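Residue-level structural notes
Here is what each chain is made of, one letter per residue.
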Amino acid sequence: MIRVMVCGAYGKMGREVLRAVHKDSQLSIVGAVDINSDFADVGDIIGAGKTGVTVGNELLTVINETKPQVMVDFTNPQSVLNNLKLAIKNGVCPVVGTTGLTEPDIEDIRELCATSKVNAIISPNFSIGAILMMKLAQEAAKYLPHVEIIEMHHDQKLDAPSGTALRTAELIAGVRGTMQQGHPDEKEKLPGARGGEDAGIRLHSVRLPGYVAHQEVIFGGLGQTLTIRHDSISRESFMPGVVLACKKVLTVDGLIFGLEHIMG
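Computed from a predicted structure; not experimentally measured. (Residues numbered from 1 in each chain as written. Predicted model: local features only at pLDDT ≥ 70, side-chain atom pairs only at ≥ 80, totals over all residues. Heavy atoms only, no water.)

Structural notes on the domain arrangement of the protein
As far as domains go, the protein holds domain 1 (2-122 + 236-257) and domain 2 (128-232). Once you take the C-alpha centre of each, domain 1 and domain 2 turn out to be 29 Å apart. Of all residues in domain 1, Thr-99, Phe-238 and Phe-257 bury the most surface against domain 2, accounting for 51% of the area lost on that side. Summed over the shared surface of domain 1 and domain 2, the number is 0 salt bridges. Where domain 1 meets domain 2, there are 1 residue pair in polar contact (both at pLDDT 80 or more). Counted by class, the side of domain 1 that touches domain 2 contains 3 nonpolar, 6 polar and no charged residues. (Domains from an automatic or database assignment. Buried area = accessible area lost by both parts, 1.4 Å probe. Salt bridge = Lys/Arg side-chain N within 4 Å of Asp/Glu carboxyl O. Polar contact = N/O pair within 3.5 Å; in protein donor to acceptor, adjacent residues only side chain to side chain. Nonpolar A, V, L, I, M, F, W, Y, C, P; charged D, E, K, R; others polar.)

Quick word on the UniProt feature "domain: Dihydrodipicolinate reductase C-terminal" (unreviewed entry) in the protein
The UniProt entry lists residues 129-262 under the feature "domain: Dihydrodipicolinate reductase C-terminal" (unreviewed entry), expressed in the numbering used here. The span residues 129-262 is 27% helix and 29% strand, and its two end C-alpha atoms sit 14 Å from each other. (UniProt positions renumbered as here; feature names shortened; annotations may be inferred. Helix = DSSP H or I, 4+ residues; strand = E, 2+ residues; numbered from the N terminus.)

Section: the packing of helix α1 (residues 12-23) against helix α8 (residues 239-248)
Running from N to C, α1 and α8 point in directions that differ by 65°, and their axes come no closer than 10 Å. For the pair α1 and α8, the sense of crossing is right-handed. Residues Met-13, Glu-16, Val-17 and Ala-20 of α1 form the contact with α8, whose participating residues are Met-239, Val-242 and Val-243. Residues of the contact of α1 with α8, tallied by class, amount to 6 nonpolar, no polar and 1 charged. (Axes fitted to C-alpha atoms, helices over the stretch in contact; angles between N-to-C directions. Left-handed = near helix turned anticlockwise from the far one by under 90°. Contact = heavy atoms within 4.5 Å.)

So, the pairing of strand β4 (residues 70-73)
Burial along β4 is two-sided: Val-70 and Val-72 and Met-71 and Asp-73, pointing in opposite directions, are all buried. Relative to β4, strand β1 (residues 2-7) runs parallel, the two being bridged by 4 bridges. Paired with Val-6 across the two strands is Val-72, which belongs to β4. Pairing geometry for β4 and strand β5 (residues 93-96), over 4 bridges, is parallel. Within β5, the position partnered with Val-70 by the bridge is Cys-93. (Buried < 20%, exposed > 50% of the residue type's maximum accessible area, 1.4 Å probe, protein only. Pairing = 2+ DSSP bridges.)

Focus: a nonpolar patch on the surface
A grouping of Ile-128, Leu-132 and Leu-136 is seen on the molecular surface, where their side chains present a nonpolar patch of about 250 Å² in accessible area. Inspection of the secondary structure puts Leu-132 in helix α6 (residues 128-140). A relative accessible area of 42% places Leu-132 in the partly exposed class. (Patch = residues over 30% accessible without salt bridge, like charges linked within 9 Å, V, L, I, M, F, W, Y side chains within 5 Å. Areas by Shrake-Rupley, 256 points an atom, 1.4 Å probe, with all protein chains shown as cover.)

Quick word on the sheet that holds strand β6 (residues 120-122)
Across a sheet, paired strands are connected by hydrogen bonds in the backbone, their directions being either parallel or antiparallel. In space, the 7 strands of this open sheet follow the order β3-β2-β1-β4-β5-β6-β12, with parallel pairing throughout. The two strands at the open ends of the sheet, each matched to only one other strand, are β3 (55-56) and β12 (255-257).

Description of unusual backbone geometry
Of note, the amide linkage connecting Ala-160 to Pro-161 takes the cis form, showing an omega dihedral of -5°. Position of Pro-161 among the secondary structure elements: in the loop between β7 (146-153) and α7 (163-176). Positioned with a positive phi, Lys-67 is a non-glycine residue whose angle comes to about 50°. In this structure, Lys-67 sits in the loop between α3 (59-66) and β4.

Brief notes about the sheet that holds strand β9 (residues 201-207)
Strands sit in the order β8-β9-β7-β10-β11 across an open sheet of 5 strands; the sheet is mixed. A strand with exactly one partner marks an edge of an open sheet, and here the two such strands are β8 (196-198) and β11 (224-232). Each strand axis lies, on average, 20° off the axis of its neighbour in the sheet, ignoring direction. As judged from the 9 bridges shared by strand β10 (residues 213-221) and β11, these two strands associate in the antiparallel manner. Considered in β11, the bridge of Gln-215 is made with His-230.

Observations concerning the pattern of salt bridges
Enumeration according to the criterion identifies 15 salt bridges in this entry. Between Arg-194 and Glu-186 there is a salt bridge, with the nearest N and O atoms lying 3.3 Å from each other. With a closest N to O distance of 2.7 Å, Arg-229 and Glu-216 form a salt bridge. Pair noted here: Arg-229 is in strand β11 and Glu-216 is in strand β10, with a separation of 13 residues, a long-range link. Judged by its relative accessible area of 39%, Arg-229 is partly exposed. By relative accessible area, which is 18% here, Glu-216 ends up buried. The network of salt bridges with shared partners includes Glu-148, Glu-186, Arg-194, Glu-197 and Arg-202.

If you want it as structure tokens, here you go:
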């Protein structure tokens, strides 16, 4: 049994992770932490009966008391970097789905993993379907280089564009490079109307109640368009990827960025 602890246990994603880990025969919840903890039993949170695992409110204390092998973090961009560093320095392998980390942050974690000889997996998206959407978009960009990305999330998401949209743009740019799209003299009547830009790719973020996580990659060509879309209808969609990462992180080498690198 792989010993797993969960950061952000009271959050929507944290609760789903607790349920998924609890159900898996190869994983065991040994610890949980949330800054808003009232020290509830994990079983009470997920409706599974008493487990004997209490949600703590201080990460280092929970690590020292429960001795986890893996830490799953779906907290927020303000907390995740410190959580990552603390886990790695204490020999715990992080599995991170929180987005908002910068490139320098990721390189710092890569170096820390190497010097500490601790593995980590960071992925902008843990949905298998979303990974396939990105792979298909990367392939399509070889033939239809003109592309825009629209990502749609719930209105409580803190960062925009999403990590998935940025990763999709990065993969597309790796195939087609940076290029000018649209009319070179176009003017925005409202600032931001054309979205953000990465390597010439326009990225648009929608934030509304009712959404979970959705993305369209729209390609345009001579007399045609191609749309590749993925929809996460519920947060359960991310759980098979999280469970896979918890099992793989102990055997990878250093930091792995992107779930696609551990999929069979």
